[in-house]
Structures are given as structure tokens and as C-alpha cells.
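# Overview (structure and organization)
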Amino acid sequence: MSAFVRVIIDRSIRRELDYSVPEAMIGKVVVGSRVRVPFRDKTLLATVVATLEESPAEGIKPVAALLGEKPVLSATLIELARWMANYYCCPVETVMRSLLPQVIRKAEVGWKKQLFVSPARSATADEIEKLRKRAPRQAELLQAIAQLTGPIAAADLLRQTSLDNGTLRALVKRGFAELREQAVARDPHGTEEFIADADLSMNEEQTAALKLIEHALANPETHPPILLHGVTGSGKTEVYLQAIRATLARGKTAIVLVPEISLTPQTVERFKSRFASQPDMVAVLHSHLSEGERHDEWHKLHAGRARIVIGARSAVFAPLENVGLIVVDEEHETSYKQEEAPRYHARDVAVVRGKMEKCVVLLGTATPSLESYHNAERGKYVLSQLTQRVDQCQMPLIRIVDLRMERRKEKAAAILSEKLRTAIADRLEKKEQTILFLNRRGFSTSLLCSSCGKARECPNCSVALTFHRHDARLSCHLCGHSAAVPKRCPECREDALIYAGFGTEKVEANVAAIFPKAVVRRMDADSMTRKDAYREALHAFRSGKIDILVGTQMIAKGLHFPNVTLVGIINADLALHLPDFRAGERTFQLLTQVAGRAGRGEAPGEVFVQTYTPFSPSIQFARHHDFAGYFQQELEFRERCDFPPFRHVVLITVRSEHETRASFSAETLARRLREALPEEFQLGAPAPAPLEKLQGHYRFHILLRGEAIVRLSRLIRETLDKLPFPDDVAVAVDVDPYQLL
Ligand code: ADP
Ligand code: ZN
């Protein structure tokens, strides 16, 4: 029995501490236990990471309290945390904190308790007679209770009988009924009913994919991760569902990661329904749960009652034991990358957890990331392909609209080209639906002065303010700053302000003006602020109440609308010209994904891509649905430029409210790194970030590249530890960054 434990406290002190275990807790405080420990003059929450026979530390204090009986983290998850800390150049405390939902970590919220009623002593005929006369409501309630077959929630009983609490209490006092407190789960989908549906009979390609997964399930220790590359609508989800069934049959559990944005009720329903014969089987973890719901869902998994979890990024840390399968749907999605410390990528963490748990990892997508496809090419992953859509539907026809030509025709370029307008009119005629996509919110993207040429900029960020017509104000999409629209240019005092550029709000207005009889609806972060708005809008669209849906990436992914036969991409160039080596890849993925929304039913789909750069490779390859072709040319570009997947990139951001302090600190850091790093690592000169100012902070970037990433991470950490930065300078290290602005 170990008398000492080593813990990591929830606060970042970058040191692990030893404590003794009081007699009464010996054997109960184990690796993964949550405890309270004395630290300086406080008692802090901590996680036990090791048990020790003896400790070299002096003046050891005892553990103050043990929280919960079962450890909250498995040894594997602790090992995973250590791997993340090393790989992502991040304090292990920060990683540990993100492993547990806050509600579990703080252990302040418990189960919801509810009072349940059950019959107690049965009343004699005499007593009933008396009650009828003197207290008819009690008699009525007593009759209802007598008919109960089991305990019922008091609240439900009272609602059903329209009687009040006082009546119930009186019956309890008389001994006719009993009240007992019972824990109830706050199930986020508790009010929905799921009807169990059977496995579909799969086509040849799906069968082959499932066979491969089953083979992997039989040899989990040696089998590499599987990359399931299936075109949109090829039935990947069906493959996941049957793979999970096979996993459960082996007595194991499964984790399914989906991007937050596609964690729609529709997706959850498919999983819940398939396993509906065991009601608690599927737990859901995502950011829209209440604290109570998250507590309950997490505990369902922790207790082993739920054996499947479907969730967003952080569900990769779900407290499941005996994991047999981890599915990462839409593995290319950049939202799997967390943009605050620990800056981890859930797909990559899933692969590592899979290796540690000795389980099968299945990455699915219609547009593999270059990283994953490259891994498949060089044998680190096994590739499985679904090349046909399940419904035998043709891939949509993609038409490119050259906006340069349009401009010549119509002088001022219209938001909707003539070709797109004609196509929409045609769909309205045929009662088919249209989706218009533009990855930019607001009405006008800037307010320019035509006299002095200055745009209204955000005072806190180096971006132009966007004009929103619904509240007639200017707003910053980065920091939320909001300003009134000036009458004259504040710089030169001329009455010469013009609105330039356009966002979804203007597209909506424009479409409504051109097609006054059509029902147009907009879906973006501005119009979807209410909790149920998203669900409502999707429902209205699906049931055909909306003719034209205008939206941002919110509508680009994973939705099935059989009656949509036309998709218009208003401006395909938006993402292409960002200073980001993944700009081309993102554009290709976006076009492919958006195009996948068209023609999922019987009518074939048509996609119009409006662009000023019709010959860019991302657009041309997407047009021909040629993933392999795109991949080859993009890979050559990446190799030529030493970018991922050939090199790892690390981006260090140094920021401060004071420009000179930020730049000075960045210079100093770069100099120290130059001294510390061997030749194999490339170090760029510090430079102002493309987004120079953000939320009032000036930002400088240092870009590093290398192959041995863990070693590079360590060297960066060591260099940083030796450098005292002023308090008003913050440094962030991002390993494998996705956000390069
Ligand atoms: P993906 O995830 O690849 O986009 P889905 O799994 O969502 O594709 O499948 C698209 C549609 O086809 C879904 O409605 C699904 O129920 C249906 N489907 C999938 N596999 C089959 C099959 N073998 N037979 C009939 N319908 C199928
Ligand atoms: Zn701003």
C-alpha cells in the first residue's frame, strides 16, 4: 500500500507535488483520483498522477480530502496529458485542466435529486369515506396513488392530477404515501423519443470498408488508423454505426468525434436511434449542454452505463474504459484544433489515444486533409474509399462563373451573376430549393471615404468595421466593438462615405429584391443568436417552407436536403487570398463540401461558383471532383515550400498593448532561439502578424519549422523558461498551427 502520492494541482506552478496519504484514505487514493491538498495557505484541487512507497520531499503534508470514490482519470489519459504537454509545448497543468469538464473538475454540481412518490399503507374503506367528505382532493390523489405501478416523480403526479403539493404532503403525513429522494439524469435529449432502426444493408464499397474495420478490431494492437475517404453522401455514417455495433459486440466502447458545427440534432438522432434498444447507451458531450446535463452525461460514461459517446473536440478525453474504436468524422475540419492552450488538434490526439488504448482509429471525410492523405500514402494510415454516392445520384455539375467577364457585361458586378439568377428562377419555378453561400457576415464589409480613401477601422483591431443593416451600426467581427455610423468622414470631414463590399445580410436583401415572391432566409451567427433558431430554420428549410437559404459555413456541412438542386457560391475567392499556406486546401474543401449539398435526392444538382480567379487549381480540381489531382499538385507546392505535411510548423505569437514592448520581446526571443536551436530547425525573423492588432494588442509572429517536433517543442520551452518577459507581454506557442493570422 502506498503511503504517498504525487499530484498535479489545478493551478499552473509547473511542478508536481508529493503528499502523504492519511490512514483512512490508503487504498482509496489512487492514480487518477481527485483530491484536495494543502498548498501554501490554501487548499487546492489536484489530480493524483502517481502513487509512491516513499517520497524524497521534505515537510510532507497529508492529503486533505478525497473527492468521489472512483478515480476520474485513467492512467492512459494521464499518459496522454503528458504526451500533449510535450508535443504542444504547454504546461501539463493546463492540459490536465482541459481533460475534465469544469463541472467535474470543480465537483460543485451533483446529481439532480427529485422527490418520488410511492404508495405506503393502504387506506381502509372507512378512512376513504372520511377523506371523501372532509378532504375530497386528498381522496382524489389517494386514488391516483393507489393505481401506481411504481414510484413516480412527485412533480409529474401533481401535474397529471392538477393537485397541489399541500394535498400530497397531507397524504404523506397520514401515512398513505411515501416520498423518497432519487437522482435523476438531466438528459439533453430526454424529451425526445428514439425509435430503434435497424442496420441498412450496405453496398459493396461500404461492406469492404466495414470488413477492413472489423479486421482492425480483431487486431487492434498492430492495426494502423484507417482513413475512410468517401465522397459526400457515400454512406460513411452508416459505416461508423455498424463499426460501433461490431465494437460493442466485442465488449468494448466507442468514441465518435464530430465538429461542433455538425453536432446537430439530426446527427445525434441517428446515433441515438440506432442504439435505442438500450436507452442510456449513447451519451452526448458538447458545448451547448447545461452544466447539469454535462455532469450527468459525463458520469453516465464514467460509470460505464453509456458505452458510446458522440461529441465535439474535447470528447476525445471522454472517460470511457476499454475503448475499442475512435471515430473522427470530417477529420479535415480545422475546428478540431483548439485555439487556446492547450492548442491541441483532436484528430491527432485521437490517433495518439488510439495507440495508447490499443484501439482502432477511424478517420472519415469527403476531403481528407493533406496531412492525413499523405500519411495514408506513406503507409502510416490505411486508406479505404467510398467512391459512389449511396443514392446512385450523379455528382453535381459544377459551373464556374468568371466574375471578370460578368463585370465587363454589367459594369458594376452584381452579387448574383446573370447565370445564377436564371438558375434560381428556374428552381423557383420547379419548386426546388437553393442554397447561397458566402463566408462573410454583415451587410457591407466596409465604410469607405471616397474623398480621402480611409475605411472605418476598429480601434482595437487592424480590420475594417462591418456595417450591419439590422441595427444600422458598424461592428468588429473580431472583438465585438460596435460604433454608430458617422454622417461625414471623421478624418477629412467630407460628406463622401460609401459602403463597399457585401456580406450575407446584403445577399439576402438582394435576393429578396430580385425574387420578391420567394421565401428567403439567412443563417449566420447574426441571425442565429437564439438557442433554437438553428434548429427551427433547418426544420423550416427541410419541410420546404423556405425557397432560398443564404448563409455562411453554418450551412456548408453535413446537412441532408433532398430538395436542394442548386448551390451558389457567391464569392469563391474569399478564402483563397488569405496569407495562409492552407488557403488553397481550404478553398478546395469548402467548394467540395458545399457542392455536396446539391442534388442528394432524385434531381441532379448544379453548383455555380462565382470567382475572379477561375483558373486557380483549387477551383479547377474541385470542379472536376478530382481529389487525387488536387492532392498531387498541392503536395508538390508544400514540399517546395517546406510546409506541412513535410515539416512541422510552430508559430509563436508575442503580444502586448504596447507596440514597442511586443516587438522588442519578439526580437529578444528570436535571438535566444537562434542561439538555442541546432541547424536542422528553421527560424524565421520576427515580423508583425498579418493581423497586426487584435483586441487592443499588437502582435508579432515568429515562425519555426522542423521535423523532430517534440525536440523542437522542448527547446522552445527551455528558451522561454529562461527568459523573463515583462508582465504586459504575453507569449503563445502554437504547434501545428491552423490560425496563421
Ligand atoms: P455521408 O456520411 O458519407 O455523407 P451518409 O452516411 O449520411 O453519407 O449517407 C447518406 C444517406 O444515405 C443517409 O440518408 C443514409 O441513411 C443513406 N444510406 C447510407 N448507406 C445506405 C445504404 N447502404 N442503403 C441505403 N441508404 C443508405
Ligand atoms: Zn475589433
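A brief look at the structure comes next. (Residues numbered from 1 in each chain as written. Chains lettered and ligands numbered in written order. Predicted model: local features only at pLDDT ≥ 70, side-chain atom pairs only at ≥ 80, totals over all residues. Heavy atoms only, no water.)

## Some details on helix H8 (residues 204-218)
Compared with the 21 Å implied by 1.5 Å per residue over 15 residues, the 21 Å span of H8 between its first and last C-alpha is a close match. Among the residues of H8, those classed as buried are Gln 206, Ala 209, Leu 210, Ile 213, Ala 216 and Leu 217. Buried residues of H8 fall within an arc of 115° about the axis and therefore sit on the same side. Residues of H8 that are exposed and point over 90 degrees away from its buried face: Glu 204 and Lys 211. Close packing links the buried residues of H8 with strand S9 (226-230), helix H9 (236-249), strand S13 (323-329), strand S14 (360-365) and strand S15 (382-386). (Helix = DSSP H or I, 4+ residues; strand = E, 2+ residues; numbered from the N terminus. Expected span 1.5 Å × (residues − 1). Buried < 20%, exposed > 50% of the residue type's maximum accessible area, 1.4 Å probe, protein only. Arc of directions from axis to C-beta. Contact = heavy atoms within 4.5 Å.)

## Here's the deal with the coordination of the zinc ion (ligand 2)
Each angle at a metal carrying four tetrahedral donors should ideally be 109.5 degrees, and each at a metal carrying six octahedral donors should ideally be 90 or 180 degrees. The coordination sphere of the zinc ion (ligand 2) contains the protein donors Cys 458 (SG), Cys 461 (SG), Cys 476 (SG) and Cys 479 (SG), at a distance range of 2.3 Å. Taken together, the four donor atoms coordinating the zinc ion (ligand 2) and their angles of 104 to 115° define a geometry best described as tetrahedral. Sequence spacing among the residues donating to the zinc ion (ligand 2) works out to C-x2-C-x14-C-x2-C. Residue Cys 461 is located in the loop between strand S18 (446-449) and strand S19 (466-468), and its partner Cys 479 is located in the loop between strand S20 (473-475) and strand S21 (482-484); the two are separated by 18 residues in the primary sequence. When its relative accessible area of 27% is taken as the criterion, Cys 479 is described as partly exposed. (Donors = N, O, S within 2.8 Å, 3.2 Å for Na, K, Ca; no water. Tetrahedral: all angles 85-135°; square planar, octahedral: opposite > 155°, others 65-115°.)

## What to know about the pairing of S9
The buried fraction of S9 amounts to five of the five residues, a majority that puts the element mostly inside the structure. Both S9 and S14 contribute to a ladder of four bridges, which runs parallel. Within S14, the position partnered with His 229 by the bridge is Thr 365. Across five bridges, the pairing between S9 and S15 is parallel. By the bridge assignment, His 229 is partnered in S15 with Gln 385. (Pairing = 2+ DSSP bridges.)

## Some details on the packing of aromatic side chains
Scanning the entire structure with this criterion turns up 13 aromatic pairs. Seen in terms of ring centroids, Phe 588 and Phe 627 are 5.9 Å apart; in terms of plane orientation they differ by 55°. Their pairing is tilted. Taken as a pair, Phe 588 in helix H18 (residues 583-595) and Phe 627 in helix H20 (residues 627-640) lie far apart in primary sequence, 39 residues in all. Across the pair, Phe 627 and Phe 588 agree in class, each one buried. Taken together, the aromatic side chains of Tyr 373, Phe 588, Phe 621, Phe 627, Tyr 630 and Phe 631 make up a single cluster linked through ring pairs. The aromatic ring of Tyr 738 is capped on one face by Arg 582, whose charged end is 3.8 Å from the ring centroid. Taking the ring centre of Phe 643 as reference, the NZ or CZ of Arg 705 above it sits at 4.6 Å. (Phe/Tyr/Trp six-rings, centres within 6.5 Å; stacked < 30°, edge-to-face > 60°. Lys NZ or Arg CZ within 6 Å of the ring centre and 35° of its normal.)

## Some remarks on the site of ligand 1
What surrounds ligand 1 is a group of 16 residues, the closest being Gln 206, Gly 233, Lys 236, Thr 237 and Arg 270. Thr 237 is positioned such that a nitrogen or oxygen atom in its side chain is 2.9 Å from an oxygen atom of ligand 1. When ligand 1 is considered free in solution it has 560 Å² of accessible area, and contact with the protein chains removes 71% of it. Here the element with the most residues in the shell around ligand 1 is H9; it accounts for three residues. Its residues assigned to classes, the shell around ligand 1 shows four nonpolar, eight polar and four charged. (Near = heavy atom within 4 Å. Polar contact = N/O pair within 3.5 Å; in protein donor to acceptor, adjacent residues only side chain to side chain. Areas by Shrake-Rupley, 256 points an atom, 1.4 Å probe, with all protein chains shown as cover. Nonpolar A, V, L, I, M, F, W, Y, C, P; charged D, E, K, R; others polar.)

## Quick look at the environment of Gly 304
On the secondary structure map, Gly 304 appears in the loop between helix H11 (291-302) and strand S12 (308-311). The spacing of Gly 304 and Arg 655 is 351 residues in sequence and 45 Å in space, taken between C-alpha atoms.

## Remarks on the sheet that holds strand S24 (residues 548-551)
With respect to topology, six strands assemble into an open sheet ordered S16-S26-S25-S17-S24-S23, the strand pairing being parallel. Of all strands in the sheet, those bounded by a partner on one side alone are strand S16 (397-402) and strand S23 (520-523). Adjacent strand axes in the sheet meet at a mean angle of 20°, parallel and antiparallel pairs treated alike. Here strand S17 (residues 433-437) runs beside S24; their pairing, made up of four bridges, is parallel. The residue bridging Thr 434 from the neighbouring strand is Ile 548, located in S24. The strands touched by helix H15 (residues 418-430) are S17, S24, strand S25 (564-569) and strand S26 (606-611); relative to S25, the strand with the most contacts, the crossing angle is about 160°. Against the sheet, helix H17 (residues 533-542) contacts S17, S23, S24 and S25, and its axis sits at roughly 145° relative to S23. (Axes fitted to C-alpha atoms, helices over the stretch in contact; angles between N-to-C directions.)

## Digging into the pairing of strand S27 (residues 648-656)
Counting buried residues along S27, seven of its nine residues qualify, which places the element largely inside the surrounding structure. Of the strand pairs in this sheet, S27 and strand S30 (residues 697-706) are connected by nine bridges, and their pairing is antiparallel. Along S30, the bridge assignment pairs Val 654 with Phe 700. In this structure, S27 lies alongside strand S31 (residues 729-735), joined through seven bridges in antiparallel fashion. Bridge assignment links Ile 652 to a residue of S31, and that residue is Val 733.

## Focus on the sheet that holds S13
Ordered by their spatial adjacency, seven strands build an open sheet running S11-S12-S10-S13-S14-S9-S15, and the pairing between neighbours is parallel. The sheet is open, and its two edges are formed by strand S11 (282-285) and S15, each paired on a single side. Between one strand axis and the next, the sheet turns through 20° on average, direction left out of account. When S11 meets S12, the two strands line up parallel, connected through four bridges. Paired with Val 282 across the bridge in S12 is Ile 308. Taken strand by strand, H8 contacts S9, S13, S14 and S15, and its axis lies near 155° from that of S15.

## Topic: the environment of Arg 655
Checked against the element boundaries, Arg 655 lands in strand S27. Residue classification places Arg 655 among the partly exposed positions, given a relative accessible area of 35%. Considered as a pair, Arg 655 and Ala 730 are 75 residues apart in the sequence and their alpha carbons are 5.3 Å apart. Excluding residues within four positions of it along the chain, Arg 655 makes contact with Ala 662, His 697, Tyr 698, Arg 699, Asp 728, Val 729 and Ala 730.

## Notes on the side chain of His 468
Within the secondary structure layout, His 468 lies in strand S19. A relative accessible area of 3% places His 468 in the buried class. Here His 477 takes part through its side chain, which lies 2.9 Å from a polar atom of the side chain of His 468. If we ignore the near neighbours within four places in the chain, the residues touching His 468 are Arg 441, Gly 442, Phe 443, Arg 473, Ser 475, His 477, Glu 505 and Asp 526.

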